[in-house]
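# Remarks on the overall topology
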Amino acid sequence: MPALTTYQTRIIPDWVDYNGHLRDAFYLLIFSYATDALMDRLGMDSNNREASGNSLFTLELHLNYLHEVKLDAEVEVHTQIIAHDSKRLHLYHSLHRVGDDQELAGNEQMLLHVDLAGPRSTPFSEDTLGKLQAIVAEQTDLPAPAYVGRVIALPPKK
């Protein structure tokens, strides 16, 4: 199975900057909506969050801008689960023109499952873990994304 398509949208005028490109903040907005859609797929929708008192918090993310995205482009987000444990989820979102394999932007995220009453970390439910494991099993043949694990740094001085 390929990476999941978790979100699709058209780039609207309010999202475009003075250079005619998608503004930095709206890349993250698109990826944030993709994370919400993944949560829904994992059974962590708004009804579940209210009933369980649990949600996902973003611990860290990296965003790579790879190619221009312009007004009216129809884009979609593909999501790959990189790893998970009992409380954390490491994922990678890639932005593409609809139906095109070229990656326009990449977004790596580390998420933490949280009991909102604390707030404090808490293990995923058995149901959510099962759904995560099913997605991972479907994605076993996917290669590791090229932009996972990158570090921001200047090259060492010679």
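Report on the accompanying structure. As the structure is a computational prediction, the values presented were derived from the model and not from experiment. (Residues numbered from 1 in each chain as written. Predicted model: local features only at pLDDT ≥ 70, side-chain atom pairs only at ≥ 80, totals over all residues. Heavy atoms only, no water.)

This brings us to helix 1 (residues 24-41). A rise of 1.5 Å per residue sets the reference length of helix 1, with its 18 residues, at 26 Å; its end C-alpha atoms lie 27 Å apart and thus fit the reference within 8%. Taken together, the buried positions of helix 1 are Tyr27, Ile30, Phe31, Ala34, Thr35, Leu38 and Met39. Phi for Gly43, located one or two positions after helix 1, is positive at around 85 degrees. (Helix = DSSP H or I, 4+ residues; strand = E, 2+ residues; numbered from the N terminus. Expected span 1.5 Å × (residues − 1). Buried < 20%, exposed > 50% of the residue type's maximum accessible area, 1.4 Å probe, protein only.)

Grouped together as the largest cluster of nonpolar side chains are 15 residues, with contacts concentrated most on Ile11, Leu22, Ile30, Val69, Val75 and Leu95. Counting residues per element, the ones that place at least two in this core are helix 1 and strand 3 (74-84). Per element, the largest residue contribution to this core is four residues, and it comes from helix 1. In contact with Ile30, other than residues within four places in its own chain, are Tyr7, Thr9, Ile11, Trp15, Leu22, Val75, Val77 and Leu95. Counting 14 residues, the second largest nonpolar core, distinct from the first, contains Leu4, Ile81, Leu91 and Ile135. (Core = buried A, V, L, I, M, F, W, Y, C linked by side-chain atoms within 4.5 Å. Contact = heavy atoms within 4.5 Å.)

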